[in-house]
Amino acid sequence: MKAHKCFKKSVLATSISVLLCGAAATPVMAQQNDDAELEVIQVSGIRSSLQASTAVKRDSVGVVDAISAEDIGKFPDTNLAESLQRITGVSISRQNGEGSEITVRGFGGGNNMITLNGRMMPAGGVYAGSSAPTRAFDFANLASESVSAVEVYKTSKADIATGGIGATVNILTARPLENPTMRSTIGVKAVHDTTNRTGDDVTPELSGIYNFVNDDETFGVTVSASYQKRDSGSTGVTVNEWNIGVWGENDLYNNQFDASIFENAPAPGQLYARPNDFRYVFSNLERERTNGQVTFQYRPMENLTATVDYTYAENDLVEQRGELGNWIQNGSNLERVVFDNSAVATPISISERYSGVVDQGHEQQLRTQANELKSLGFNLEYQMNDDLSFRFDFHDSTLESLPTGKGDSDLGISEIRTSLGAPTVAAKTLTFDGDIPTFVTELNDNFDRGGLGLSGNGNGVLDAGDVGSSIGVIDHHQQITDVTQIKLDGTFEFDDGQFDFGIETREMEMSAQRTAWLPMNLGGWSVANPGEFPEGMIQPFDIAGEFDDYNADNPNTGFIGDAAELMRFALGLYPDPNNNYAPNPIFEARDNLQEDSFAAYFQVALQGELGGMETNFLAGMRYEKTDVTSTSLFTAPSYLVWASDNDFSSFTPADTEATPLSEESDYDYILPSMDFDIMFTEDLKGRFSYSKTIARAGYGALRASAGGFSTNGSSLLSAIPTANSSNPGLLPLESDNFDVSLEYYYDDSYVSVGLFEKRVSNFIGIGTVDRTFAGILDQTAGPRAQAARQALQDLGVAVDNRSLFTMMGIIQQGGSPADYTGSEQQVQEIELAVDIIPQAGDPEMVFRTTQPLNNEDAEIRGAEFAIQHFFGESGFGFQANYTIVNGDVAYDTEALPSESQFALVGLSDTANFVGFYEKDGFAARIAWNWRDDYLATASRGGFNNPIFVEAYDQIDVNLSYDVNDQLSVFLEAINITDEDERSHVRNERQLWRLNDQGARYQLGARYVF
């Protein structure tokens, strides 16, 4: 047999491949240890896993980082995303305290390619409140117990599937014949989440791995399974929207800039802000995650191995959610507004007093969704001779994100929203001068609303007797993504090198649908019947007291109830043909996206010397062509119903036929790549890499439909109707990537520094255009609205959305403008009796419509610093890294709200420190992770607002003890300092979201057979 020197694995690299179960589709190029006798090294424990990861980093051609399990079934973190954040340049986003999506070098989840054993995995997952389909892979769907390693390829190669500008992340699982000595394990955990309030205080996690290989090592099977249940809660604050205007031009408060009301008023021409409201929110959540994988391998002859595997993952989510909200009424209701000194003047406090009463919102929600992944694969490896080998791989994988709620139709329910209100607020003050907003209300539950009766039960205390229903909404959202991929790869080895080549076909189909928003009128926006629910169906809830880390000042009473039970009961009280315990049968859109790709590649790897120093050179080219077909069944609303001052809903008759829309596009790319490394000394390695990569546009941006038709007031009073549309012709982002790094290895430790630059074209910016849709008319700006405005002005009444709606309602009912009193009773009677819809003569409604466009270029530069050090044989060691990421396009928070800006999102510095001790069967690890603040969204909504996520850090602790060779016990603590998440809009006072989080503890045992 020939001795092909540079690509026969060293002892260390062979042990790494054993640990990684040999599952990588992309080979890691290792340097040779001449004529080394193969030996298997048992890799377990913290130090050994770090040594294995270091070997992958050192021996790879290109910039590759890896995380290796301490032993199979014993990954260093409870969640793969949380492990990945320990790698330089990788940061994560969290959902309910768990790692969800990754950002690599500034590129978010949709711009990173996630593969399982080298295969592209379908991504997706829709959830109530956010129905846009996504390419981002949700790591919360996968448990870590069956994972042996994760590799992060920061530089691309010709044989790696396209789609990852940030990185390609390959998740590796066990294969029996490639690790015949792997032992079976079983593990149990007891999980306690300190945020839990209604579920079980202790929930179980079970996992097991069974491995069998026959004596001849020709047949093997590996089976892994896990079940995890977590009950948790959350408490937080949200704001519906921050309206931005120019002082003296845009009358956001609808009171003609009355100087007697505003304190520290903005300067003429200065930007200023008004929130729609703020809401305290709370959730009780249940998550059940079930994973399983079975792998069969058969080797009928030494040079042929067949593998069949099936992977299953299900993540079942149930959330009971409630709100306590206070909507700002504006106009004549304003008593005092105090502004701060920010560049965008923001209210410190807003005080209002009402001629009667307004309601306080207590909406109850039920959200249910299940994400289910199924993947079937077949792999054949054939070593034709000493020089030539082939690999064939096929898989068909599907991810379904489907609602699990049951109603009175075949459509599953994603969310039930039962809006409740207590019409007892005579006055209120909202304050934005602390870590979280606070409010104080003046209660009047004995106000006579005329035909509507009293505002409550008259006992002077806010209780369930003051609460009634207003509207109800039942939604349906789903996404199904299927990937079928076939690859044929070959390798020809020669002295000092090898030649790789291959072809690939990939078919991806994504379908998504969402029902049109249809509010069902229950007690109406005026809350017609406070106290209508049976005793015990609604319970008082001190939501302000649920904040652990913030002072909400006053013990504000909220309410909690079962949204489904409340909805069923309210529908019985208010029968109507449109009121059904089922999602709206009219779909806003049904979208289907197909991407059919063909790729061919080759690459050449050479090992040599330069000036007596060992070198590795890898260069290749990939050609990829993609055909895109985007089809939507689009149902435009006939009009928007104006139901009260700032409440609108779209209306589509049940017999409206959907309009089919379809567009096709295609693109192809030639993608070169090159990696070079040189050993300056035995321990010092330098690297240089270049590659061209692409990342496809998000699924939501490629739809053929339009949607999101909404407004929140009269167009005569500066309200801006909004909509959004997509663009199936979007091209992928295209990036030229440059990397240079220097790595020094010593005594199983290393220090490294790297610089990178990405020159990206075809960035997707947001174009905004004011346009009409499908003949939708605007009743808020037509002759009736203009006449009502004039009538109010003649009466000397301030014109705001409330007074304008009331006057239009009076006239619509045949009354005279002289009948207007503006009393709370009159306002609420009109709201209950009148819906204002367009009629002939009204102008077309002009929607400020956002559309994604390939219209931006940008450059991202950064540096990565890392160190890993063991203190001899003391058992102590640490890892530390710091990543700097900068871009050349930032968001201008002082830009006009009419200006749609492009800015680079997700860019932030990150840092990690992991300290550990491992000796005599005892191991301890403490891990700190920090991510600086970053721009998460640019140009959102009708005011083109940004969303900035504030800096966040977290400390996790792991302790374990090996009782004997088979049994170990461990304790894990996550977020032990109860760190919280917060985001804001144009400045920190403009809170967007806040989540008050808590710690999670896990006690478990693991037994190895």
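Positions within a chain are numbered from 1, following the residues in the order the chain's sequence is written. This being a predicted model, a pLDDT of at least 70 is required before a residue's local features are given, and a value of 80 or more before pairs of side-chain atoms are given or counted; all residues contribute to the totals for chains, interfaces and linings. Excluded from the side-chain calculations are hydrogens and water; all other atoms, namely the structure's heavy atoms, are used.

Within an unreviewed UniProt entry, the label attached to the protein chain reads TonB-dependent receptor, and the organism entered is Glaciecola siphonariae. UniProt positions are given in the numbering used here, feature names are shortened, and annotations may be inferred rather than shown by experiment. Note on the protein chain: under the UniProt heading Subcellular location (unreviewed entry), the record states "Cell outer membrane". One UniProt comment on the protein chain, placed under Sequence similarities (unreviewed entry), says "Belongs to the TonB-dependent receptor family."

A. Expanded view of the sheet that holds strand β6 (residues 147–153). DSSP bridges decide pairing: two strands pair if at least two such bridges lie between them. Note on conventions: DSSP H or I runs of at least 4 residues are helices, E runs of at least 2 residues are strands, and numbering of each starts at the N terminus. Spatially, 5 strands are ordered β1-β6-β7-β4-β5 in an open sheet, and the strand pairing comes out mixed. Looking along the sheet, the strands with just one partner apiece sit at the ends: β1 (64–68) and β5 (119–120). One ladder, built from 5 bridges, connects β1 with β6; its direction is antiparallel. Bridging from a neighbouring strand, Ile-67 pairs with Val-150 of β6.

B. Structural view of a negative patch on the surface. A surface patch of like charges, here negative, comprises Asp-200, Asp-201, Glu-286 and Glu-288. Considering the arrangement of structural elements, one finds Glu-288 in strand β14 (residues 277–301). A relative accessible area of 31% places Glu-288 in the partly exposed class. Patch rule: a residue counts if its relative accessible area is over 30% and it has no salt bridge; like charges are joined within 9 Å, and nonpolar side chains (Val, Leu, Ile, Met, Phe, Trp, Tyr) within 5 Å. The method behind every accessible area is Shrake-Rupley, applied with a 1.4 Å probe, and residues are considered shielded solely by the protein chains displayed. Any carboxyl oxygen of Asp or Glu within 4 Å of a side-chain nitrogen of Lys or Arg constitutes a salt bridge here. Charge counting follows a simple rule: Lys and Arg are positive, Asp and Glu are negative, and His as well as the terminal groups are ignored. For this purpose, a charge sits on NZ of Lys, CZ of Arg, CG of Asp or CD of Glu. Three labels apply to residues, based on accessible area from a 1.4 Å probe with only protein chains included: buried if under 20% of the type maximum, exposed if over 50%, partly exposed otherwise in between.

C. Spotlight on the packing of aromatic side chains. Between rings of Phe, Tyr and Trp, where Trp is taken as its six-membered ring, a pair exists when centres lie within 6.5 Å; planes separated by under 30 degrees are stacked, by over 60 edge-to-face, and by other angles tilted. A complete count under the given rule lists 43 aromatic pairs for this structure. Seen in terms of ring centroids, Tyr-272 and Phe-339 are 6.1 Å apart; in terms of plane orientation they differ by 80 degrees. Their pairing is edge-to-face. In this pair, Tyr-272 is assigned in strand β13 (residues 271–275) and Phe-339 in strand β16 (residues 334–339), connecting sequence segments 67 residues apart. The same class applies to Tyr-272 and to Phe-339, which are both buried. Here Phe-773 and Phe-847 contribute two aromatic rings whose centre-to-centre distance is 6.1 Å and whose plane-to-plane angle is 70 degrees, an arrangement assigned as edge-to-face. Within this pair, whereas Phe-773 is found in the loop between β37 (749–771) and α5 (783–795), its partner Phe-847 is found in strand β38 (residues 847–870), the two being separated by 74 residues in sequence. Accessibility classification places Phe-773 together with Phe-847 in one group, the buried group. Connected via pairs of aromatic rings, a cluster forms that spans Trp-242, Phe-278, Tyr-280, Phe-432, Phe-439 and Phe-547. In our convention, an over-ring charge means Lys NZ or Arg CZ found within 6 Å of a ring centre and within 35 degrees of that ring's normal. Taking the ring centre of Phe-870 as reference, the NZ or CZ of Arg-47 above it sits at 4.2 Å. Looking at Arg-771, its charged tip hangs above the ring of Phe-773, at a distance of 3.8 Å from the centre.

D. Just the packing of α5 against helix α6 (residues 801–812), in detail. Fitted lines through C-alpha atoms serve as axes, helices being fitted only where they are in contact, and the angles separating the N-to-C directions of these axes extend from 0 to 180 degrees. Close contact between α5 and α6 brings their axes to 9 Å; oriented N to C, the two are set at 110 degrees. Considering their axes alone, α5 and α6 lie roughly perpendicular with respect to each other. Contacts between α5 and α6 involve Arg-784, Ala-785, Ala-788, Arg-789, Ala-791, Leu-792 and Leu-795 from the first element and Ser-803, Leu-804, Met-807, Met-808 and Gln-812 from the second. Think of it as three bins: nonpolar holds Ala, Val, Leu, Ile, Met, Phe, Trp, Tyr, Cys and Pro, charged holds Asp, Glu, Lys and Arg, and polar takes everything else, Gly as well. Of the residues assigned to the contact of α5 with α6, the class counts are 8 nonpolar, 2 polar and 2 charged. When an angle is under 35 degrees it counts as roughly parallel; over 145 it counts as roughly antiparallel; between 65 and 115 it counts as roughly perpendicular; any other value is oblique. The contact criterion used throughout is that any non-hydrogen atoms of two residues lie within 4.5 Å.

E. Spotlight on α6. Spanning 12 residues, α6 covers 16 Å between terminal C-alpha atoms, matching the ideal 16 Å at 1.5 Å per step. Those residues of α6 that fall on the buried side of the exposure criterion are Asn-801, Arg-802, Ser-803, Leu-804, Phe-805, Thr-806, Met-807, Met-808, Gly-809 and Ile-810. Residues of α6 that are buried make contact with β17 (347–361), β30 (639–644), α5 and α7 (824–833). The N-terminus of α6 is capped by Asp-800, whose side-chain oxygen sits 3.0 Å from the backbone nitrogen of Arg-802. Of the residues one or two after α6, Gly-814 is the one with positive phi, at around 95 degrees. By definition here, a helix of n residues has an expected span of 1.5 Å times n minus one. Polar contacts here mean pairs of N or O atoms no more than 3.5 Å apart (in protein, one a potential hydrogen donor and the other a potential acceptor; neighbouring residues in sequence count only if both atoms are side-chain atoms).

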